[in-house]
Amino acid sequence: MKWFGVLGLVTLSECLVTIPLMKIKSMRENLREGNMLKDYLDRYPHSRAHRTEQRPGPALSLEPMRNYLDLAYIGIISIGTPPQEFKVVLDTGSADFWVPSIYCSSPACARHKVFNPLLSSTFLVSGRPVNVAYGSGGMSGFLAYDTVKIGGLMLVAQAFGLSLQEPGSFMEYAFFDGILGLSYPSLGLQGTTPVFDNLWIQGLISQNLFAFYLSSKGEKGSVLMLGGVDPSYYSGELHWVPVSKLAYWQLAMDSISMNGEIIACGSGCQGIIDTGTSLLTGPRQSVLNIQKIIGARASHDGEHVLDCDTVHSLPDIVFTINGVTYPVPASAYIQKSDLHICYTNFEEGMDNSTDPEIWVLGDVFLRLYFTVFDRANNRIGLAPAV
């Protein structure tokens, strides 16, 4: 099939690669249905888009500390020759790439597919330790290299981590096997090249960019596009915003408002575009203020709920970015569970002394707005999703 796309006024070549994404039940929903959420949140209260403050030792490689409690989209990749398939988080909020190994002794590994190096003729081991810290657990293992297939593209000698231990509850409730990060290399392991960078370096994509379309219509329909953009997934024009810090996909926001009145980010703030979380996360006081404005109250399990009958009367919450408004309607920032309980999709983040007002715009936002991650020009493109 020949694909056509437009990036600005530049027509892309037919080398656009699309990877189907599957919408899954989030860990939060899974725990909520099992009446285990309160205990989990009490034990693991950390937010997602913040670095761990661990002190590195001689054998410690630091990665961002994240909590994938609200992850909702996964893709399928394969590693090795012949290929071994894995369900992975395609995550713009980290540069991690790891999967469980046959040598992993943790209970979480027994619940997921594990990579067997003995079955791959292209496997190479480095022996370098890998330690990834998460808000609700972690992964420790070793660095390896092998052929990786993503969307039909074959990467040679791609670095990735293999777990030996996955302590904590992080992976026990996960519907995915591992993580493939798509942030800037500065968040990754020193001395390694992340997957997307290698796609460009090895000449497998025609444009140094990728894009996400996250469907709200069901389990299927969402896609990751590599090396190009298909304009049939969005309406109007892409509005471009410079990346403000080359680590996360981070940008400057002007304000957050409701009914024309600013309710947060009054003096400007930073936002992280993050496919690795479903929610809208912000500073504690700002989020609590929004919860109060929309009439949400804290429930016994620490979440915020509200009367489902009031949802239709709630106004849009508007994120203004680089002078362009991005409305988020109540139908997006309120989630109705199978038990007909309505939860808000706002969550309090961790305090950050270096940047006191930073927001994470997760899948709640990305389902509304098609997003292009342009590494060549260090910018993010946004347009209403169709």
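Here, the structure is the one placed above.
Residues numbered from 1 in each chain as written. Predicted model: local features only at pLDDT ≥ 70, side-chain atom pairs only at ≥ 80, totals over all residues. Heavy atoms only, no water.

### Observations concerning the side chain of S183
Convention followed: Secondary structure elements are taken from DSSP: a helix is a run of H or I of four residues or more, a strand is a run of E of two residues or more, and numbering for both begins at the N terminus. Here a polar contact is recorded for every N or O atom pair within 3.5 Å, except that within protein the pair must consist of a potential hydrogen donor and a potential acceptor, and residues adjacent in sequence are included only if both atoms are side-chain atoms. When checking whether two residues touch, look at their non-hydrogen atoms; a contact exists if any pair is within 4.5 Å.
Position of S183 among the secondary structure elements: in the loop between β12 (178–181) and α3 (195–201). A distance of 3.2 Å separates the side chain of S183 from the backbone nitrogen of A95, its partner in a polar contact. The contact partners of S183, leaving out residues within four places of it in the chain, are D91, T92, G93, S94, A95, A247, W249 and R375.

### Description of the side chain of S140
Basically, it comes down to this: Only protein chains enter the accessibility calculation, which uses a 1.4 Å probe; a residue is then buried when its area is under 20% of its type maximum, exposed when over 50%, and partly exposed in between.
Mapped onto the elements, S140 comes out in strand β10 (residues 137–150). We classify S140 as buried; its relative accessible area is 18%. Filtering out sequence-adjacent residues up to four positions away, S140 remains in contact with V130, N131, L162, S163, L164 and Q165.

### Here we look at a nonpolar patch on the surface
The test is simple: Distance thresholds for patches are 9 Å for like charges and 5 Å for nonpolar side chains (Val, Leu, Ile, Met, Phe, Trp, Tyr), applied to residues having over 30% relative accessible area and no salt bridge. Shrake-Rupley sampling with a 1.4 Å probe provides the accessible areas, and residues are treated as covered by the protein chains on show and by no other component. For salt bridges, the criterion is a side-chain nitrogen of Lys or Arg within 4 Å of an Asp or Glu carboxyl oxygen.
A cluster of nonpolar side chains, contributed by I102, Y103, L118 and L164, occupies part of the molecular surface with about 380 Å² of accessible area. Of note, L118 is situated in the loop between β8 (97–100) and β9 (124–134).

### Some remarks on the packing of aromatic side chains
Here is the rule: In summary, the pairing rule links any two rings of Phe, Tyr or Trp, Trp by its six-membered ring, whose centres are within 6.5 Å, and it sorts them by plane angle into stacked for under 30 degrees, edge-to-face for over 60 and tilted for everything else. Our definition puts a charge over a ring when NZ of Lys or CZ of Arg is within 6 Å of the ring centre and also within 35 degrees of the ring normal.
Scanning all chains against the criterion turns up 19 aromatic pairs. Arranged with centres 5.1 Å apart and planes meeting at 75°, the rings of W249 and F373 form a pair that is edge-to-face. Of the two residues, W249 sits in strand β17 (residues 249–253) while F373 sits in strand β30 (residues 369–374), which places them 124 residues apart along the sequence. Neither W249 nor F373 differs from the other in exposure class; each is buried. Between the aromatic rings of F319 and F365, the centroid separation amounts to 6.0 Å while the plane-to-plane angle is 75°, which identifies the pairing as edge-to-face. Within this pair, whereas F319 is found in strand β24 (residues 317–321), its partner F365 is found in helix α6 (residues 363–366), the two being separated by 46 residues in sequence. Stacked on the ring of W240, the Lys or Arg R379 has its end atom at 3.7 Å from the ring centre.

### Some details on empty space enclosed by the protein
Cut-off, in case you're wondering: Computed over the protein atoms alone on a 1 Å grid, cavities are sets of points where a 1.4 Å probe fits but cannot get out and pockets are open sets with protein on both sides within 12 Å along at least five of seven lines; a residue lines them when it has an atom within 4 Å of a point. Grid points are joined across faces, edges and corners, and a volume is the space filled by probe spheres set on the points. Each residue gets one of three labels, nonpolar for Ala, Val, Leu, Ile, Met, Phe, Trp, Tyr, Cys and Pro, charged for Asp, Glu, Lys and Arg, and polar for the others, Gly among them.
In this structure the tally under the stated criterion is two cavities of 30 Å³ or more. Size it by volume and the largest cavity reaches roughly 160 Å³. The wall of the largest cavity is formed by 21 residues, among which A95, D96, F97, A159 and L189 lie closest to the centre. Breaking the lining of the largest cavity down by element, the ones donating at least two residues are β8, β9, β10, β11 (153–165) and β12. Among the elements that make up the lining of the largest cavity, the one with the highest residue count is β11 (four residues). Residues of the lining of the largest cavity, tallied by class, amount to 13 nonpolar, six polar and two charged.

### Looking at the state of the cysteines
Where we set the bar: Here, two cysteine sulfur atoms that lie within 2.5 Å of each other are counted as a disulfide.
Taken as a whole and assessed by the stated rule, the structure comprises three disulfides. A sulfur-sulfur separation of 2.1 Å characterises the disulfide bridge that pairs C265 with C269. With the S-S dihedral at roughly -105°, the linkage between C265 and C269 falls on the left-handed side. Overall, the relative accessible area of 7% leaves C269 in the buried class. Here the bonded cysteines of the protein chain are numbered in sequence order, and their pairing is 1-2, 3-4, 5-6.

Limitation: the analysis is restricted to geometry and does not speak to function.
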